[in-house]
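# Residue-level structure breakdown
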Amino acid sequence: MIRIGENEIQVVRKADGSATVWIDGVAQDAALRDGPAGADLQVGDRSERIWYVVDGDTVYVHAFGRAHAVPVVDPEERKAREAGGEDTVVAPTPGTVVTVSVADGDEVQDRQVLLVIESMKMQSEITASRAGVVERVHLQVGESFEKGAALVSLVAEDEEAAEEEEIA
Amino acid sequence: MRRLVSNVDTTSDQFRTNREANLGLAADLKKHLDAARYDRPERSLKRLEERGKLTVRQRLELLLDPGTPFLELSPLAAMDAYNGDAPQGLVVTGIGIINGREVMITAGDSSLKGGSWYPLSVHKIVRALKIALRNRLPVLNLVDSGGAFLPLGDEIYAAGGHIYYSLCRLSAEGIPTLALTLGPATAGGAYLPTLCDQSIIVRDTGFVFLAGPPLVKAATGEDVTNEELGGADMHAGVSGTSDYAVDDEREGLALCREIVGTWPKQTKTDVDRREIEEPFYDPDELYGIVPDDIKKQFDVREVIARIVDGSRFVEFKPDYGDTMVTGWAYLMGMKIGILGNNGVLFSEAANKASQFMQLCDRDGVPLLFLHNITGFMVGLEYERGGITKNGAKMLMVQANVTVPKISVYVNASQGAGNYAMAGPAWDPRFVFAWPNSRSSIMGAEQAVNVLTQVRIANLKREEQREPTDEEVARIRDDVGDYFERTSHPYHLTSELRDDGLIDPTDTRAVLGLAFEAALNAPITRTPGGVLRI
Amino acid sequence: MKSVLIANRGEIAVRILKTLHREGLTGVVVYHEADAESLAVKLADKAVELHGSPPVSAYLDVEQIIAAAKSSEADAVHPGFGFLAENGDFAQAVIDAGLIWVGPKPDAIRSMGDKIEAKRLAEEAGVPILPGSPGALADVDDAVEWAEKIGYPVLLKASAGGGGKGMRIAHDRAECIDAFTSASNEARASFGDGRVFVERFVERPRHIEVQVLADQHGAAVHLGERECSIQRRYQKVVEEAPSPVVDEETRQRIGAQAVSLAQTVGYASAGTVELVMDEQGEAYFLEMNTRLQVEHPVTELVTGIDIVSEQLRIARGEELGYDQDAISITGSAIECRVYAENPDEDFAPETGTLHLVHFPSGEGVRVDHGVQSGQVVGAAFDPMIAKVVGFGADRTEAIAKIRKALRETVLLGLTTNTAYLERIVGHRDFISGATHTGFLALYEDELATPPLEVDEERALICAAALASPWFDERHTLSTVHSALGGWRA
């Protein structure tokens, strides 16, 4: 269920352009109608002239004389994003290595290109599943591999944290 | 449009008597509905909870858009069967709103008997899928059934196959189908999710296989677990039998909502619509209008006045065939043609109905049949007047109209009158009944008289004697009991002869939802002029 | 003068373009790539790209700007404020290139740029000065000696200072010793000039400044005062004209002193004499700004004089053509500086895209800005987005106008201080005129963002939900389903 702030939200839009917004299971009649300047927001008996703009998961709303940034998030999506990726990047298909862009010990960002592989005459980029440090690049340019073969391993996250602590 | 003028005296004794009787019936209906939906042993509910499972009602609430209507179908199915072991047939069917779309939902109820399918369970699902196909409603199956109740296997076997056939037909018709497997789906039941266009399975509790581990062990000697044989990860990751694996029921239900949200927006058949207007006359007065005795007469216009928008009604042929009331009204904003009986059908009434149905069909106006009919008139004069021929014309026209037909039994619906008024055998989109109604092959009293005469005649022929008064009374009682029981709405609804019993005051809402659902299917009109029959 | 190059960016470039266009002159702007999509570039008749890294260096590059003026056939240069506006060498370079410099002579700029020299000249012109050391302090001992002569508390100031840099308050001898060292170190680091002087520190001071106009023929007038006491870390935040505490007599007295100073230094353009006013209402010389001020609109609104237009006329060599009697102050105007900053996070600058920009308009509202919807606000430049001004027949009306204007200033995409500004001008002490430069620090807690009311929060959630693409309009219910709500049999 979508969340706005700490609240679980559901919206049921009605034929007359109004809607019921369910905030944590409590119904609230509301309508948002775009006008020539800004928009009219009706919530229950209260009516407000507001301005809004949507940028990705944030809805910016100018209301009550000031601006508000309201995050509209899918907690599942966030959970998946924050969970981070696997330690080892494996081959999605059989193929050969075309280029290798990282070396052991390199720091990499999430989704950074690690190597380019060729499979069935198509080249594709293999990217990091999370930010981290490269423990080992398993293959060299020109080497071929099977589906599921380990391509690049990252230093395990708990090890990484342990190392950082040691340094600290 | 003119408003109907009501002649009901709400202060009369009859009104009060009727009201008391009908409120009693309504309360009884509610009691039965509550019991069928919610009465479950504490331990059954606890067992569900322990396995991380929700009740079927909880699942529906999570699935449906909050604050939107749900038209449950045949909620009292099997109430009169299997010693009450399978309330609702252990499956909930109905039309609900998911992300703004109307969806036919079938939802297995494993709170009793592991959600086993009884013969009526199967018929109920078949009926739901038939409604879905006829009205082009997308289908969502919440699969949670231990499988067929084998002691009644022969009654289940053939009809059960029709479930899977229907899913294949739905797919071919381009009507989306989706399944969420929250429990076992075994043997034939495995096809319930698998024949859907898309299939989701819940980890740990959802299983799909032709035969479970014990059967496999017996057949091939293999030792396997449920998860290995038909679990979510196996089917979503290895066999491809399912398309999505989810961690729990809530996630599965959320995914259902998301997938339904990607389906194309339904386009409705264009019918004449106007702003919704509440009836001028209070629907609550229906309780006082409907007689406390099936034999008592009342004016069906008083019912129309309490279910249509603004109580407005344009009556067609008001001075002709007065036992048949025909005319146009708007119901929840949709223009419909209404046929309502004021008792027995005569030739003029039948012809008037035929003419009116042709008019509505040509204009694409859906039809509502309000059953208050004891049958066609009998007797020499009427046969000479062609009553059988005129009845046949009415059946011919009614059977072949292309607009949606919906029937409501507001009082008696007996004999060929039920056929003429689009009874269940005549492919209406929906049939609903009021708790005061009765439906049988002929009126109970006439049937008793006829059957008693037959039995007495038999007795005379076989034993060459007059029956004693006691014997006559016993015969009358036997026949009477049978007719009283089998024409009773609880019996009929238990046997799925209708799509549900409804409180009279819910009629307007039920019909609004039913007509709205029916408009998902296009109307393909057959060209032809209207005969002044 | 046919074509004027504006050696600036942002709202002031747009502001100057307005006057140029009204007077039928061609407006040329210079811009760095980071400003390529800005309103100033869009509105300019010609725009010349400058190069530099960091971007701010482009607007400080004298050679590139002179070359841009030549290539664009501009015959005059207006520096705006900030950047090179008070750089005597730049003024000289413009003049040497045969272009008209819209500003005072380089000498005047230079002499006023040195605080010690400026203070000396002010005294000479009859502007009261705070008791203090006559020149730079030789060493710590000198500092302490002067401090004790003046009496604590004292303020140690860098001669080359500005913007609060190299400034320290000392309440006693020990503090004075520390203050001298740290002020001179900071001044040396910031300005390459470690000279420091000391003067009396005024408690709860008001910042009052006088706008003057002087032509090249020796005529000069003042346009009354502005009060700019609402400051945060020596940066003005709210400015108004006239000051609620300056009466007509004081106005004429400090005005005449400012005019006298302008004439003393041979000033010929618009300039501002800044004063510090103590709680007894005595005003002392602070410094003179030899340029157009950020807050000039409030003076324009109460005098009806377009100061940029007057700068252009003076630069062309025209005579002022009117005397002091022609100047009258009518009504009240209050300006608020809108910054891309987060008042709840210690005013950290905000960067990002302004997805939606809508400014108020109408009677009693003036907005000077240089932004448009979709514009990126980067970290490369000053985070001031706009100046919102309210004016009315009196101060009460002006406050009502500015509050309404701030509430109606729509800047979506990054955090700005509009609501904070509205809380300032709505504060009881601002309304009563009881302001001083410590106002914002004193009322820090009161001015913090208040939590939303429950119904406001609910309304916001509804607005966000209805605007969010998560809740698609394709999911709209039919009329029948809408009418029945959560119906169940």
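Note that residues are indexed from 1 along each chain, following the sequence as it is written. Written order decides the labels, with chains lettered from A and ligands numbered from 1. Local features are withheld for residues below a pLDDT of 70 in this predicted model, meaning they are given only at 70 or higher, and side-chain atom pairs are given and counted only at 80 or more; totals for whole chains, interfaces and linings count all residues. Excluded from the side-chain calculations are hydrogens and water; all other atoms, namely the structure's heavy atoms, are used.

Between two cysteines, a covalent bond joining their sulfur atoms is known as a disulfide. Only a pair of cysteine sulfur atoms within 2.5 Å counts as a disulfide in this structure description. Per the counting criterion, the structure on display carries zero disulfides over all chains. Unpaired in terms of disulfides, Cys228(C) finds its nearest cysteine sulfur in Cys336(C), a separation of 12 Å.

Turning to helix H10 (residues 249-262) of chain B, a few remarks are in order. Here H10(B) is 14 residues long and its end C-alpha atoms lie 20 Å apart, about the 20 Å a rise of 1.5 Å per residue gives. Where H10(B) starts, the residue carrying a side-chain oxygen 3.3 Å from the main-chain nitrogen of Arg250(B) turns out to be Asp248(B). A run of DSSP states H or I qualifies as a helix once it reaches four residues; a run of E qualifies as a strand once it reaches two. Both are numbered from the N-terminal end. Helices are assigned an expected span. That span is 1.5 Å times one less than the residue count. Contacts described as polar in this section are N or O atom pairs within 3.5 Å, which, within protein, must combine one atom able to donate a hydrogen with one able to accept it, while residues neighboring in sequence count only if both atoms come from side chains.

With that out of the way, let us pick up the interface of chain C and chain A. Quoted interface sizes are often the accessible area lost when the parts come together. Contacts were defined at the residue level, with two residues in contact if any of their heavy atoms lie within 4.5 Å. Taken together, the contacts link 42 residues of chain C with 41 residues of chain A. Buried area is a sum: the accessible area each of two parts loses on coming together, probed at 1.4 Å, counted once for each and added. Summed over both partners, the interface of chain C with chain A comes to about 3600 Å²; 74% of that surface belongs to carbon and sulfur atoms. Considering only the surface of chain C that becomes buried against chain A, Leu466(C), Trp470(C) and Phe471(C) emerge as the three largest contributors, covering 19% of it. Each salt bridge in this description consists of a side-chain nitrogen of Lys or Arg and a carboxyl oxygen of Asp or Glu lying within 4 Å of one another. At the surface where chain C touches chain A, the tally comes to one salt bridge. With its nearest N and O atoms 2.5 Å apart, the salt bridge here joins Asp455(C) to Arg46(A). Linking chain C with chain A are 11 residue pairs in polar contact (both at pLDDT 80 or more), by the criterion used here.

Within the fold, Thr20(A) resides in strand E3 (residues 18-23). In this view, Thr20(A) contacts Gln10(A), Val11(A), Val12(A), Lys14(A), Ala27(A), Gln28(A) and Asp29(A); residues no more than four positions away in its chain are not counted.

Residue and element names in this part refer to chain B. With five of five residues buried, strand E5 (residues 177-181) is to be regarded as a mostly interior element. Side chains of E5 alternate between two faces, with Thr177, Ala179 and Thr181 and Leu178 and Leu180 buried alike. Where strand E4 (residues 139-143) meets E5, five bridges bridge the pair, whose relative direction is parallel. Across the sheet, the residue bridging to Asn141 is Ala179, located in E5. Paired strands, as defined in this entry, are two strands with at least two bridges between them according to DSSP. Note: E5 against strand E7 (residues 198-202), four bridges, orientation parallel. Bridging from a neighbouring strand, Leu180 pairs with Ile200 of E7. When a residue's accessible area, from a 1.4 Å probe over protein chains only, is under 20% of the maximum for its type it is buried; when over 50% it is exposed; and in between it is partly exposed.

By convention a nonpolar core is built from buried Ala, Val, Leu, Ile, Met, Phe, Trp, Tyr and Cys residues, the set being connected through side-chain atoms within 4.5 Å. Leu368(B) and Leu370(B) are the most contacted members of the largest nonpolar core, which has 84 residues in total. Setting aside residues no more than four positions away along its own chain, Leu370(B) makes contact with Val300(B), Val303(B), Ile304(B), Ile307(B), Ile338(B), Leu339(B), Gly340(B), Asn341(B), Val408(B), Val410(B) and Met421(B).

Let's shift gears to unusual backbone geometry. A cis amide bond links Ser53(C) with the next residue in sequence, Pro54(C), at an omega value of 0 degrees. On the secondary structure map, Pro54(C) appears in the loop between strand E3 (46-50) and helix H3 (55-58). With an omega of -5 degrees, the peptide bond between Tyr152(C) and Pro153(C) qualifies as cis. Its identity is not glycine, yet Ala78(B) carries a phi of approximately 65 degrees, on the positive side. By relative accessible area, Ala78(B) is classed as buried at 0%.

Let us now look at the sheet that holds strand E21 (residues 384-392) of chain C. Residue and element names in this part refer to chain C. With antiparallel pairing, eight strands are arranged side by side in an open sheet as E13-E12-E9-E10-E11-E14-E21-E19. In this open sheet, the two strands that pair with only one neighbour each are strand E13 (283-289) and strand E19 (365-369). The sheet shows a mean angle of 25 degrees between the axes of neighbouring strands, taken without regard to direction. Here strand E14 (residues 332-339) pairs with E21 via eight bridges, running antiparallel. In the strand pairing of E21, Glu335 is matched with Val389. Relative to the sheet, helix H13 (residues 395-407) contacts strand E11 (235-241), E14, E19 and E21, its axis offset from that of E21 by approximately 145 degrees. Axis lines are fitted through C-alpha atoms, for helices just across the contact stretch, and the angle between N-to-C directions can take any value from 0 to 180 degrees.

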